Amino acid sequence: MMIRDAIQADEPCILALMREAGETSPLYDYTSLKGGTLIVAADEAGLLLGYVRFDLGTPETYIRSLAVRLDQRAKRIARRLIGEVWVRARTFGSQGIQGTASSPEAAAIWGGR
């Protein structure tokens, strides 16, 4: 598995994953993603396994959305994505990362960080 910056061609897969994971709101039209930073986890064949969308800042970096494919959970992909955010945040000058958990599984990741 590799962690990399998202590219334009990833957007349809990211949007589908957002919907699958319940990371959308009926108040918004999710036809494109602009702003923030997107990184993805992909397997050796290029299949998108998960993503994280975040805003670098000081004093903190804020994670806006994070999801991993249902069939890929329990493989520590979310932890690896958050780890990459942490590296980028510290390099940027952030003192920490923040975000909200939308499920008990997500809360467990935050609690273990």
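Heads up: the structure comes first, above all this text.
Throughout what follows, the structure given in this document is the object of discussion.

Scoring rules and cut-offs
Residues numbered from 1 in each chain as written. Predicted model: local features only at pLDDT ≥ 70, side-chain atom pairs only at ≥ 80, totals over all residues. Heavy atoms only, no water. Core = buried A, V, L, I, M, F, W, Y, C linked by side-chain atoms within 4.5 Å. Buried < 20%, exposed > 50% of the residue type's maximum accessible area, 1.4 Å probe, protein only. Helix = DSSP H or I, 4+ residues; strand = E, 2+ residues; numbered from the N terminus. Contact = heavy atoms within 4.5 Å.

So, about the nonpolar core. Soluble globular proteins: nonpolar side chains tend toward being buried together. Counting residues in hydrophobic clusters, the biggest one holds 15 residues, and the most contacted among them are Val52, Ile63, Leu66, Leu81 and Val85. Elements represented by at least two residues in this core include exactly β2 (37–42), β3 (48–55), β4 (60–68) and α2 (77–92). It is α2 that contributes the most residues to this core, six residues altogether. Among all residues touching valine 52, those that are not within four sequence positions of it are Thr37, Leu38, Ile39, Ile63, Ser65, Leu66, Leu81 and Val85. Judged by nonpolar contacts, the second largest core, of 11 residues, contains Ile14, Leu48, Tyr51 and Ala67.

Here we take up the environment of valine 85. Its location among the elements puts valine 85 in helix α2. Relative accessible area serves as the criterion here: at 0%, valine 85 is assigned to the buried category. Sequence spacing of valine 85 and aspartate 55 is 30 residues, and the spatial spacing of their C-alpha atoms is 9.6 Å. Ignoring anything within four residues of it in the chain, the contact list for valine 85 reads Ile39, Val52, Phe54, Thr61, Ile63 and Ile97.

By themselves, these figures tell us nothing about what the structure is for.
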